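Next come the chains, spelled out residue by residue.
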Amino acid sequence: MKTKNIFSNMVLTGAILLGVSLGTASPAIAASNSSINQSMEINKMNNVASETENLIINGDFSKGFDGWELAGEKIEIAKFEHGNYAKMTIEGNYGALNQSVDIDPNATYRLLFLGYSTSTSGNSMLQIDKWTAAGGVSDVEIVPVNHDGLWKIYTTTINNHDEKYNKVKLQFISRYPGSFGITAVSLNKIGWILLNGC
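Owing to the predicted nature of the structure, the values given are computational and were not obtained by experimental measurement.

Draft legend 1. Focus on the sheet that holds strand S6 (residues 107-117). Taken in spatial order, the five strands of this open sheet run S3-S4-S11-S6-S9, and their pairing is antiparallel. Here the strands that pair on one side only, and so sit at the sheet edges, are strand S3 (75-80) and strand S9 (152-158). With direction set aside, neighbouring strand axes in the sheet form an average angle of 35°. Summarising the sheet, strand S4 (residues 83-90) and strand S11 (residues 178-192) pair through five bridges and their orientation is antiparallel.

Here it is, written out as structure tokens:
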């Protein structure tokens, strides 16, 4: 089994763009910048939204946890100005939120989500288990989430290399003290893999 560690953050945070250090800002300024950051990230996600079908069931958690499997510690539906999100509050061991999806091995997909983490260990992530038609997990990809408490867009592509997968399992995982928020999870077909040089 191969393991890849890929982190792709598509945009700069609102704090960086405004030249503000949240570590030394007053609580009011920090809260204001956090709201600006959320709006910026949501707008960026809307701009890159695909016209193809989202294969993730209930990726915005508007229907609670329909379509998702929960494991570990406290996971709840929370609200912010843009809608619902899944919030893990980890006090001891871990929390996990999972969903499996069948995909076309001859198509390329973009996986995208909005997330934040305050894990003191910096150990919040999306783990993607990938299966081929032969069966069994043949690849694992890790998308780590920054633990600065700011909402950010995270993205990766599936079936864009030599391997062709026909099933993926998304596992949002957080370990040790802190919280992990996830919403706007999408998996969209963005192209086809050329066969025999055609």
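On we go from here.
Draft legend 2. Representation of the nonpolar core within the structure. With 28 residues, the main nonpolar core has Phe113, Phe172, Val185 and Leu187 as its most contacted residues. Where this core is concerned, the elements lending two or more residues are S4, strand S5 (94-102), S6, strand S7 (124-131), S9, strand S10 (167-175) and S11. Listed in part, the eight residues of the second largest apolar core include Ala78, Leu112, Leu114 and Trp151.

Draft legend 3. Local environment of the environment of alanine 134. Among the secondary structure elements, alanine 134 is positioned in the loop between S7 and strand S8 (137-144). Classification of alanine 134 as exposed rests on a relative accessible area of 75%. Sequence-wise, alanine 134 and tyrosine 165 are 31 residues apart; in three dimensions their C-alpha atoms are separated by 9.6 Å.

Draft legend 4. Local environment of the pairing of S3. Pairing of S3 with S4, which is carried by six bridges, proceeds in the antiparallel orientation. Bridge assignment links isoleucine 75 to a residue of S4, and that residue is methionine 88. Counted between consecutive antiparallel strands, the loop separating S3 from S4 contains two residues.

Rules behind the numbers
Residues numbered from 1 in each chain as written. Predicted model: local features only at pLDDT ≥ 70, side-chain atom pairs only at ≥ 80, totals over all residues. Heavy atoms only, no water. Pairing = 2+ DSSP bridges. Helix = DSSP H or I, 4+ residues; strand = E, 2+ residues; numbered from the N terminus. Axes fitted to C-alpha atoms, helices over the stretch in contact; angles between N-to-C directions. Core = buried A, V, L, I, M, F, W, Y, C linked by side-chain atoms within 4.5 Å. Buried < 20%, exposed > 50% of the residue type's maximum accessible area, 1.4 Å probe, protein only.

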